Amino acid sequence: MTTTTDRQELFHAMLTRLPGELAFGEEDPGRILDRYYTPDIEHHNDGIPLDRERLIAHARPARKNVLAVRVEVREMLVAGDRAAARFTLAADMRKGATIVTEIFMFGRFAPDGRIRRLDSLTRTVPDA
């Protein structure tokens, strides 16, 4: 069983480090995801279900198209086995554009401290 402090650290790392690890890491994306998520992860992003395999597939284009990624956590709360955050993710793309997305995320932890479910809503921030 993990403590609230452990969960806060893991959730913050998932928000801030995971995007860069997936976009720029040399390590297999599946291994990276397994540090943060359970194998049966259920992630619903804007209503679209993403399982582990779809999350891994999402990492491949990021590795080809993203030059830099920045995350700013604006609000984060962890209570028991639940977490919530509001943050922005900025991605500088190879073709010159910067895409800034505001993300509202709600999660549930498994007993081992990894994330087992995420629900997120996103919006592109205009003129970023």
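The present account deals with the structure reproduced in this document. (Residues numbered from 1 in each chain as written. Predicted model: local features only at pLDDT ≥ 70, side-chain atom pairs only at ≥ 80, totals over all residues. Heavy atoms only, no water.)

1. Details of the overall build of the protein
(1) Moving on: Within the protein, the regular secondary structure consists of 4 helices and 6 strands.
(2) Moving on: Moving toward the C terminus, one meets the helices and strands of the protein in the order α-α-α-β-β-α-β-β-β-β.
(3) Moving on: Oriented by its inertia axes, the alpha-carbon framework of the protein measures out at about 45 × 30 × 25 Å.
(4) Moving on: In the protein, which comprises 128 residues, the proportion classed as buried is 35%.
(5) Moving on: When the accessible surface of the protein is totalled, it reaches about 7500 Å², and 53% of it is carbon and sulfur.
(6) Moving on: Here the protein contributes 20 positive and 20 negative side-chain charges, whose respective centroids are spaced 2 Å apart. (Helix = DSSP H or I, 4+ residues; strand = E, 2+ residues; numbered from the N terminus. Buried < 20%, exposed > 50% of the residue type's maximum accessible area, 1.4 Å probe, protein only. Areas by Shrake-Rupley, 256 points an atom, 1.4 Å probe, with all protein chains shown as cover. Lys, Arg positive; Asp, Glu negative; His and termini not counted. Charge placed at Lys NZ, Arg CZ, Asp CG, Glu CD.)

2. Section: the pattern of salt bridges
(1) Moving on: All told, the structure shown has 16 salt bridges when counted by the stated rule.
(2) Moving on: Notably, a salt bridge pairs Arg17 with Glu21, separated by 3.9 Å at the nearest N-O pair.
(3) Moving on: Of the charged contacts, one joins Arg108 and Asp81 as a salt bridge, the two residues approaching to 2.9 Å between their closest N and O atoms. With Arg108 in strand E5 (residues 98–109) and Asp81 in the loop between strand E3 (66–79) and strand E4 (82–93), this pair connects stretches of sequence that are 27 residues apart.
(4) Moving on: Assessed through its relative accessible area of 25%, Asp81 is described here as partly exposed.
(5) Moving on: One salt-bridge network, held together by shared partners, links Arg17, Glu21, Glu27, Arg31 and Arg35. (Salt bridge = Lys/Arg side-chain N within 4 Å of Asp/Glu carboxyl O.)

3. Here's the deal with the packing of helix H3 (residues 29–36) against helix H4 (residues 52–65)
(1) Moving on: One way to put it is that H3 packs onto H4 with a least axis distance of 9 Å and a crossing angle of 125 degrees. Considering their axes alone, H3 and H4 lie oblique with respect to each other. Crossing hand, H3 versus H4: right-handed. Taking contact as the criterion, the partners of Pro29, Gly30, Ile32, Leu33 and Asp34 in H3 are, on H4, Arg52, Leu55, Ile56, Ala59 and Arg63.
(2) Moving on: By residue class, the composition of the contact of H3 with H4 is 6 nonpolar, 1 polar and 3 charged. (Axes fitted to C-alpha atoms, helices over the stretch in contact; angles between N-to-C directions. Parallel < 35°, antiparallel > 145°, perpendicular 65-115°, else oblique. Left-handed = near helix turned anticlockwise from the far one by under 90°. Contact = heavy atoms within 4.5 Å. Nonpolar A, V, L, I, M, F, W, Y, C, P; charged D, E, K, R; others polar.)

4. Side note on helix H1 (residues 4–16)
(1) Moving on: For H1, which comprises 13 residues, the first-to-last C-alpha distance of 18 Å matches the rise-based estimate of 18 Å (1.5 Å per residue) to within 8%.
(2) Moving on: For H1, the full list of buried residues reads Arg7, Leu10, Phe11, Ala13, Met14 and Leu15. (Expected span 1.5 Å × (residues − 1).)

5. Some points on the pairing of E3
(1) Moving on: Bridge count between E3 and E4: 12 bridges; the pairing is antiparallel. Bridging from a neighbouring strand, Val73 pairs with Phe87 of E4.
(2) Moving on: Remark: 2 residues form the turn of the hairpin made by E3 and E4, two consecutive strands paired antiparallel; Gly80 in that turn has positive phi of roughly 60 degrees. (Pairing = 2+ DSSP bridges.)

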